[in-house]
Amino acid sequence: MRPPAEPAAPGRIPRFSAAERWVHRVTAALTAVCLVTAAFLYYPPLSELVGRRRLVVVVHEWCGLLLPVPLLLGLFSRALRADLTRLNRFTGLDREWLRAVRRRSFHRPAGKFNAGQKLYAAWTAGAVLVMLGTGLLMWFTHLAPLVWRTGATFVHDWLAVAVAVAVAGHVWMAVRDPEARRGMRTGSVDPLWAVREHPDWEYPEGGPADGEPPGQAGAERHRR
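As the structure is a prediction and not an experimental result, all values here were calculated from the model.

Visitor: Could you clarify how one ought to interpret the overall build of the chain in this entry?
Guide: Scanning the chain from N- to C-terminus turns up 11 helices and 2 strands. In the chain, the order of α-helices and β-strands from amino to carboxyl end is β-α-α-α-α-α-α-α-α-α-β-α-α. Considering the chain as a whole, with its 224 residues, one finds that 32% of them fall into the buried category. Long-range pairs, those at least 24 residues apart, make up 62% of the contacts in the chain between residues at least 6 apart in sequence. Accessible surface for the chain amounts to roughly 14000 Å². Of this, 66% is attributable to carbon and sulfur atoms.

Spelled out as structure tokens, the structure:
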């Protein structure tokens, strides 16, 4: 049974609940602070500008430790749990989407989330867990021998670079898609955008075609 969708503006499709949007915002803010403080700690030209290095270290450590908290609290939301289930399922549509990307085809089948978004979500979740684990080994030096801490530092530093690149790519994609940003900001999206970007997404209750999969009928409406 699908969770009830929040009311959307007339003519728009509800996409994200308030809980999902707040989880995204808080996680994004914590990630940004972690990346900025890491840059000031490890990039020499920026490090020279820091007068209170210990304060920067403390902010970095605590923001990193808090990173999983918004998602864990968000699990009380039925809508967020339903979307996590969607993100965790890789289907035939997702394989078709990847093949379409390789062929540079404009017809890319996708449900509420496309294969790229699912892969990014899985990679991010794994990266956060690894960063948290290696960070704890670096923070609590008594937890492991020196060789483990040395390896943890190496993994933590280079994975931080990879995270920065992935986040930059995520922001770049968001900048190119104003309607996707509006969906995350307001919780609803334009139906024509949904048909174009997510043609196989089943509209939630309260959408312009209640209970009707937009993959076929929605595409017909878009062509008209």
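Visitor: Any chance you could explain a nonpolar patch on the surface here in plain terms?
Guide: A surface patch of nonpolar side chains, amounting to about 590 Å² of accessible area, comprises Val-130, Phe-154, Val-155, Trp-158, Val-161 and Val-165. Per-element accounting of the nonpolar patch gives the leading share, 5 residues, to helix 8 (residues 146-176). Residue placement: Val-161 occurs in helix 8.

Visitor: What is the right way to read unusual backbone geometry from this model?
Guide: Non-glycine residue Arg-104 carries a positive phi angle of around 60°. For Arg-104, a relative accessible area of 72% puts it in the exposed group.

Visitor: Would you take a moment to explain helix 8 for this structure?
Guide: Note: α-helices contain 3.6 residues per turn, so residues at a spacing of three or four share the same orientation. The end-to-end C-alpha distance of helix 8 is 45 Å, a good match for the 45 Å that 31 residues give at a rise of 1.5 Å each. Within helix 8, burial applies to Ala-152, His-156, Leu-159, Ala-160, Val-163 and Ala-166. Tucked into the core, helix 8 has its buried residues touching helix 1 (18-42), helix 3 (53-66) and helix 7 (115-139).

Visitor: Help me out: how do you make sense of the packing of aromatic side chains in this one?
Guide: The relation between two aromatic rings is expressed through the spacing of the ring centres and the mutual angle of the planes. By the definition in use, this model includes 3 aromatic pairs. An aromatic cluster of at least three residues, connected via ring pairs, comprises Trp-62, Trp-139 and Phe-140. The cationic tip of Arg-15 hangs over the ring face of Trp-201; the distance from NZ or CZ to the ring centre is 5.0 Å. A cation over a ring is seen here: Arg-25 above Trp-22, with NZ or CZ 5.1 Å from the ring centre.

Visitor: Can you walk me through helix 7 in this structure?
Guide: Here helix 7 spans 36 Å end to end across 25 residues, near enough to the 36 Å set by a 1.5 Å rise per residue. Buried within helix 7 are the following residues: Ala-115, Lys-118, Ala-127, Met-131 and Thr-134. Of the surrounding secondary structure, the elements contacted by the buried residues of helix 7 are helix 5 (78-87), helix 6 (92-103) and helix 8.

Visitor: It is not clear to me how the side chain of Arg-15 should be interpreted in this structure. Could you clarify?
Guide: Note that Arg-15 resides in the loop between strand 1 (13-14) and helix 1. Despite being buried, Arg-15 has no salt bridge partner; Asp-83 is the closest side chain of opposite charge, sitting 7.4 Å away. Aside from chain neighbours lying at most four places away, what touches Arg-15 is Glu-20, Asp-83, Lys-112, Phe-113, Gln-117, Gly-187, Ser-188, Val-189, Trp-193, His-198 and Trp-201.

Visitor: Sorry if this is basic, but what is going on with the environment of Val-167 here?
Guide: With respect to the secondary-structure elements, Val-167 resides in helix 8. Here Val-167 falls in the partly exposed class, since its relative accessible area comes to 23%. Linking Val-167 and Leu-35, residues 132 residues apart in sequence, is a C-alpha distance of 9.6 Å. Setting aside anything within four residues of it in sequence, one finds Val-167 in contact with Thr-31, Leu-35 and Tyr-120.

Visitor: How do you make sense of the pattern of salt bridges when you look at a structure like this?
Guide: Pairing of side chains with opposite charge becomes possible as their charged atoms draw close. By the definition in use, this model includes 5 salt bridges. Between Arg-86 and Asp-83 there is a salt bridge, with its nearest N and O atoms 2.4 Å apart. Of this pair, Arg-86 and Asp-83 are both found in helix 5, 3 residues apart, which corresponds to roughly one turn of the helix. Relative accessible area serves as the criterion here: at 3%, Asp-83 is assigned to the buried category. Residues Glu-197 and Arg-196 are paired through a salt bridge, measuring 3.2 Å at the closest nitrogen-oxygen approach. Bridged by salt links that share partners, the residues Asp-83, Arg-86 and Lys-112 form one connected network.

Visitor: How do you make sense of the packing of helix 1 against helix 8 when you look at a structure like this?
Guide: Describing two packed helices takes the angle between their axes plus the distance from one axis to the other. With their axes 11 Å apart at the nearest point, helix 1 and helix 8 run at an angle of 130° to one another. Looking at the two axes, helix 1 sits oblique to helix 8. In this structure, helix 1 crosses over helix 8, and the sense of that crossing is left-handed. Every residue of helix 8 that contacts helix 1 at His-24, Thr-31, Leu-35 and Tyr-42 is listed here: Asp-157, Ala-160, Val-163, Ala-164, Val-167 and His-170. Residue composition of the contact of helix 1 with helix 8, by class: 6 nonpolar, 3 polar and 1 charged.

Here is what the cut-offs are and how they apply
Residues numbered from 1 in each chain as written. Predicted model: local features only at pLDDT ≥ 70, side-chain atom pairs only at ≥ 80, totals over all residues. Heavy atoms only, no water. Helix = DSSP H or I, 4+ residues; strand = E, 2+ residues; numbered from the N terminus. Buried < 20%, exposed > 50% of the residue type's maximum accessible area, 1.4 Å probe, protein only. Contact = heavy atoms within 4.5 Å. Areas by Shrake-Rupley, 256 points an atom, 1.4 Å probe, with all protein chains shown as cover. Patch = residues over 30% accessible without salt bridge, like charges linked within 9 Å, V, L, I, M, F, W, Y side chains within 5 Å. Salt bridge = Lys/Arg side-chain N within 4 Å of Asp/Glu carboxyl O. Expected span 1.5 Å × (residues − 1). Phe/Tyr/Trp six-rings, centres within 6.5 Å; stacked < 30°, edge-to-face > 60°. Lys NZ or Arg CZ within 6 Å of the ring centre and 35° of its normal. Lys, Arg positive; Asp, Glu negative; His and termini not counted. Axes fitted to C-alpha atoms, helices over the stretch in contact; angles between N-to-C directions. Parallel < 35°, antiparallel > 145°, perpendicular 65-115°, else oblique. Left-handed = near helix turned anticlockwise from the far one by under 90°. Nonpolar A, V, L, I, M, F, W, Y, C, P; charged D, E, K, R; others polar.

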